[in-house]
Amino acid sequence: MNASVVGLIVGMALGFAGWFGGFGAFLLVAALGAVGFVAGRLADQGISLREFLDPDERKRR
């Protein structure tokens, strides 16, 4: 799945959350989407959270 399709799905999810749930639901969906993005990125790259937050950690190895 390419980035355009993922962006479309995320945008639609945020739109539905905002329309049916209000601004609070919009923020909750956006925050959980960000957490999911970070978790997926960590799983794809096979790195730990410490390495993800500190890019210099990878250079030291």
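All of these numbers come straight from a predicted model, not from anything done at the bench.

So, how was this worked out
Residues numbered from 1 in each chain as written. Predicted model: local features only at pLDDT ≥ 70, side-chain atom pairs only at ≥ 80, totals over all residues. Heavy atoms only, no water. pLDDT = per-residue confidence, 0-100. Helix = DSSP H or I, 4+ residues; strand = E, 2+ residues; numbered from the N terminus. Phe/Tyr/Trp six-rings, centres within 6.5 Å; stacked < 30°, edge-to-face > 60°. Buried < 20%, exposed > 50% of the residue type's maximum accessible area, 1.4 Å probe, protein only. Patch = residues over 30% accessible without salt bridge, like charges linked within 9 Å, V, L, I, M, F, W, Y side chains within 5 Å. Areas by Shrake-Rupley, 256 points an atom, 1.4 Å probe, with all protein chains shown as cover. Salt bridge = Lys/Arg side-chain N within 4 Å of Asp/Glu carboxyl O. Expected span 1.5 Å × (residues − 1). Bend = angle between axes of the 7 residues up to and from the residue. Contact = heavy atoms within 4.5 Å.

## A short note on the confidence of the model for the chain
On average, residues of the chain score 80 in pLDDT, and 92% of them reach the 70 mark or higher. When mean pLDDT is taken per element in the chain, helix H1 (residues 3-45) scores highest with 84 and helix H3 (residues 55-60) scores lowest with 63.

## What to know about the environment of Gly-33
Tracing the chain through its elements places Gly-33 in helix H1. Taking the C-alpha atoms as reference points, Gly-33 and Ala-13, separated by 20 residues in sequence, lie 9.6 Å from one another.

## Notes on the packing of aromatic side chains
Within this structure, the stated rule accounts for 2 aromatic pairs. Residues Phe-16 and Phe-20 carry aromatic rings whose centres are separated by 6.0 Å and whose planes lie at 10 degrees to one another, so their mutual orientation is stacked. Placement of both Phe-16 and Phe-20 in helix H1 is noted, with a separation of 4 residues, approximately one turn of the helix. Across the pair, Phe-20 and Phe-16 agree in class, each one exposed. With 6.0 Å between their ring centres and 20 degrees between their planes, Phe-23 and Phe-26 make a pair best called stacked.

## Quick look at a nonpolar patch on the surface
Taken together, the side chains of Met-1, Val-5, Val-6, Ile-9 and Val-10 make up a nonpolar region of the molecular surface, amounting to roughly 470 Å² of accessible area. Relative to the assigned elements, Val-10 resides in helix H1.

## As for H1
Its 43 residues give H1 an end-to-end C-alpha distance of only 17 Å, which falls more than 12% under 63 Å, the value for a rise of 1.5 Å per residue. The sharpest bend along H1 reaches about 145 degrees and sits at Gly-21. Every buried residue of H1 is accounted for by Leu-14, Ala-17 and Leu-42. Those residues of H1 hidden inside the fold are in contact with helix H2 (49-53). Of the residues trailing H1, Gly-46 is marked for its positive phi of about 65 degrees.

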